[in-house]
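# Topology and contacts: notes
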Amino acid sequence: MMAIAVEIFPEEEGRLIKAANLVGEKTWQYGLLLKGNSLCHGISGNGYLLFSLSRMYEFLSSEENKDAIRKANLYSSMRKWRTRAFMFATALDDPKV
């Protein structure tokens, strides 16, 4: 939700990005929450988080008013979350996981 809120509340961008990253990093660090398929307490929610972070950084890096260094950092973060989302999707398709 924080990743989506960045688009709605640009004045809170810094705090929301920091919070969204913290949640994403903790989810990635501790692994999937195996409590079912729901968006709030399960595997689907973990995947949705990864895709949402990728989308957030894509939105932020496409804004014209960012300086070059900030855009590069945002693009790098977008690639990290997009890669993790891809790894998540690939693992769902692998019967050995």
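Residues numbered from 1 in each chain as written. Predicted model: local features only at pLDDT ≥ 70, side-chain atom pairs only at ≥ 80, totals over all residues. Heavy atoms only, no water.

So, on to helix 2 (residues 13-30). The α-helix advances 3.6 residues per turn, and as a result positions three or four apart in sequence lie on the same side. Compared with the 26 Å implied by 1.5 Å per residue over 18 residues, the 26 Å span of helix 2 between its first and last C-alpha is a close match. When helix 2 is considered as a whole, its buried residues turn out to be Glu13, Leu16, Ile17, Ala20, Asn21, Gly24 and Thr27. Angular distribution of buried residues about the axis of helix 2 spans 130°; they occupy a single face of the element. Looking at helix 2, the residues exposed on the side facing more than 90 degrees away from the buried face are Gly14, Arg15, Lys18, Leu22, Gln29 and Tyr30. (Helix = DSSP H or I, 4+ residues; strand = E, 2+ residues; numbered from the N terminus. Expected span 1.5 Å × (residues − 1). Buried < 20%, exposed > 50% of the residue type's maximum accessible area, 1.4 Å probe, protein only. Arc of directions from axis to C-beta.)

Bringing the nonpolar core into the picture now. Of all hydrophobic cores here, the largest spans 17 residues; its most connected members are Val6, Ile17, Leu53, Met56, Tyr57 and Leu60. Among the secondary structure elements, those contributing two or more residues to this core are helix 1 (2-8), helix 2, helix 3 (43-61) and helix 4 (68-93). By residue number, the principal contributor to this core is helix 3, which donates six residues. (Core = buried A, V, L, I, M, F, W, Y, C linked by side-chain atoms within 4.5 Å.)

Close contact between helix 2 and helix 3 brings their axes to 10 Å; oriented N to C, the two are set at 145°. Our pair here, helix 2 against helix 3, has a crossing hand that is left-handed. Residue-level contacts link Glu13, Ile17, Ala20, Asn21, Val23, Gly24, Thr27 and Trp28 of helix 2 to Asn46, Leu49, Leu50, Leu53, Met56, Tyr57 and Leu60 of helix 3. Among the residues making up the contact of helix 2 with helix 3, the classes are represented as 10 nonpolar, four polar and one charged. (Axes fitted to C-alpha atoms, helices over the stretch in contact; angles between N-to-C directions. Left-handed = near helix turned anticlockwise from the far one by under 90°. Contact = heavy atoms within 4.5 Å. Nonpolar A, V, L, I, M, F, W, Y, C, P; charged D, E, K, R; others polar.)

Let us look at the confidence of the model for the protein chain. On average, residues of the protein chain carry a pLDDT of 78, and 82% of them reach 70 or more. When mean pLDDT is taken per element in the protein chain, helix 2 scores highest with 85 and helix 1 scores lowest with 78. (pLDDT = per-residue confidence, 0-100.)

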